[in-house]
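Letter by letter, the chains look like this.
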Amino acid sequence: MAASVLSTKSGVIYGEDVRKLFKYCQEKQFAIPAINVTSSSTVVASLEAARDAKSPIILQVSQGGAAYFAGKGVDNKNQEASIAGSIAAAHYIRAVAPAYGVPVVLHTDHCAKKLLPWLDGMLDADEKWFKDNKEPLFSSHMIDLSEESVDYNLETTKKYLQRAQPMGQWLEMEIGITGGEEDGVNNEDVDNNSLYTQPEDIHNIFKTLSAVSPYFSIAAGFGNVHGVYKPGNVKLHPELLSKHQKYVVEQEKIKDDDKPVFLVFHGGSGSSKQEYLDAISYGVVKVNLDTDLQYAYTEGIRDYMISKKDYLSTQVGNPDGADKPNKKYVTITTT
Ligand SMILES: [Zn+2]
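Just so it is clear, the structure is predicted and the values come from calculations on it, not from any experiment.

Turning our eyes to something else, we now look at the packing of aromatic side chains. What the rule picks out here adds up to nine aromatic pairs. Ring centres of phenylalanine 22 and phenylalanine 262 lie 6.1 Å apart, and the angle between their planes is 50°; this geometry places the pair in the tilted category. A residue pair is termed long-range when its members are at least 10 positions apart, and phenylalanine 22 in helix H1 (residues 16-28) and phenylalanine 262 in the loop between helix H8 (239-252) and strand S11 (263-265) qualify at 240 residues. Each member of the pair phenylalanine 22 and phenylalanine 262 is classed as buried. Summarising the aromatic geometry, the rings of tyrosine 24 and phenylalanine 30 are spaced 6.1 Å apart at their centres and angled 80° between planes, so their arrangement reads as edge-to-face.

Topologically, aspartate 144 is positioned in the loop between strand S5 (140-143) and helix H6 (150-164). At 2.7 Å, the side chain of aspartate 144 and the side chain of histidine 110 are in polar contact. For aspartate 144, the side chain forms a polar contact with the side chain of serine 146, separated by 2.6 Å. If sequence neighbours within four positions are ignored, aspartate 144 has contacts with His110, Cys111, Ala112, Lys113 and Glu174.

The next point concerns the side chain of serine 46. Along the polypeptide, serine 46 turns up in helix H2 (residues 40-53). For serine 46, the side chain forms a polar contact with the main-chain oxygen of threonine 42, separated by 2.7 Å. Sequence-distant contacts of serine 46, that is, excluding residues within four places in its chain, are made with Ile35, Val37, Ile57 and Leu59.

Let's shift gears to the pairing of strand S6 (residues 170-175). Buried residues dominate S6, accounting for six of its six residues. The pairing of S5 with S6 spans four bridges and is parallel. Paired with isoleucine 143 across the two strands is methionine 173, which belongs to S6. For the segment spanning S5, H6 and S6, crossover handedness is right-handed. As paired strands, S6 and strand S9 (residues 216-220) are joined by five bridges and run parallel to one another.

Contact geometry of H6 with helix H7 (residues 199-210) gives a least axis separation of 10 Å together with a crossing angle of 25°. The angle between the axes of H6 and H7 places the two elements in the roughly parallel class. Between H6 and H7 the crossing geometry is right-handed. Facing H6, whose interface residues are Val150, Leu154, Thr157, Lys158 and Leu161, H7 presents Asp201, Asn204, Ile205, Thr208 and Leu209. By residue class, the composition of the contact of H6 with H7 is five nonpolar, three polar and two charged.

Taken together, the side chains of Tyr297, Ile301 and Met305 define a hydrophobic patch exposed on the protein surface, amounting to about 260 Å² of accessible area. If you trace the backbone, isoleucine 301 turns up in helix H10 (residues 290-307).

With respect to the secondary-structure elements, tyrosine 304 resides in helix H10. C-alpha separation for the pair tyrosine 304 and isoleucine 332, spaced 28 residues apart in sequence, amounts to 9.5 Å.

A few words on the packing of helix H5 (residues 116-133) against H6. Helix-helix packing is characterised by the crossing angle of the two axes and by the distance between the axes. Relative orientation of the contacting elements H5 and H6 amounts to 20°, with a least axis distance of 11 Å. The angle between the axes of H5 and H6 places the two elements in the roughly parallel class. Note on packing geometry: the crossing formed by H5 with H6 is right-handed. Counting all contacts with H5, which are made through Leu116, Leu119, Asp120, Leu123, Asp124 and Glu127, the residues of H6 involved are Tyr152, Thr156, Tyr160 and Arg163. Classifying every residue of the contact of H5 with H6 gives five nonpolar, one polar and four charged.

Basis of the calculations
- Residues numbered from 1 in each chain as written.
- Predicted model: local features only at pLDDT ≥ 70, side-chain atom pairs only at ≥ 80, totals over all residues.
- Heavy atoms only, no water.
- Phe/Tyr/Trp six-rings, centres within 6.5 Å; stacked < 30°, edge-to-face > 60°.
- Helix = DSSP H or I, 4+ residues; strand = E, 2+ residues; numbered from the N terminus.
- Buried < 20%, exposed > 50% of the residue type's maximum accessible area, 1.4 Å probe, protein only.
- Polar contact = N/O pair within 3.5 Å; in protein donor to acceptor, adjacent residues only side chain to side chain.
- Contact = heavy atoms within 4.5 Å.
- Pairing = 2+ DSSP bridges.
- Right-handed = clockwise from strand over helix to strand, strands pointing away.
- Axes fitted to C-alpha atoms, helices over the stretch in contact; angles between N-to-C directions.
- Parallel < 35°, antiparallel > 145°, perpendicular 65-115°, else oblique.
- Left-handed = near helix turned anticlockwise from the far one by under 90°.
- Nonpolar A, V, L, I, M, F, W, Y, C, P; charged D, E, K, R; others polar.
- Patch = residues over 30% accessible without salt bridge, like charges linked within 9 Å, V, L, I, M, F, W, Y side chains within 5 Å.
- Areas by Shrake-Rupley, 256 points an atom, 1.4 Å probe, with all protein chains shown as cover.
- Salt bridge = Lys/Arg side-chain N within 4 Å of Asp/Glu carboxyl O.

Okay, here's the thing in structure tokens:
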């Protein structure tokens, strides 16, 4: 089991443990699911699934999910709700994760240029936590400047990695655009060519970021799309990822590792098993599959509400009798 290679076996891990975990994934040919959580109940559902599968898990909050964690009624000007919500999620996850007996990577999802104040606020919290605990509050963050120029993307990502490095914190970056729609960001009309990343770009990122820290991963576009759509719109080309690895190995003259790049697969929802297996065989260590799991979570609630409709319509009175109370049926949805 993956935990055997880690110094922390249960609960939130960071630093060298994250690198060891991802390397173990590449060696054993699997990837870790990254689940977008928005509430204590989605955290618990994910942790329970990880425990039952005896699998490490990545729990992440998006900027919108973080605001939801704080409460949609809170004003999010200057990203205040997203900062407060992601910090609340981090503390909640840190508190409950050890009870589930699996390693947890505590991560934050896409952060575009206009959302950088959110990332800055979380890094302030990381540094504060680091002072007392010698580790960052979050295991890792994602920065996503894929819609900006490649130069700006790399330069700015490097600056953030420089800030994360003293804490041993991981940074995921994106190059090439993930299509589709997620968390209010709509890339459904993006030209197909910008959905595929080139090996030269990956090498340039690898070289520049490796000089700062080994703790980074790359979400490289290979036709990925957020969401589940009718088949045939965009074609996944996981074999491109193999070209990236080969190019970096050649250019950097790496002898002992044929997968030096830690790759991330965004928009995993709706993909076939073979597409996952191919991507994993080329060094993908993290798979984001938000839409499928949002649906799975909603299905449980939907089925309960529909099957108990006659017990949830009034506080008293149901098919078992006009004076029967419905408290126990309502309580299940609120506790
Ligand atoms: Zn994504």
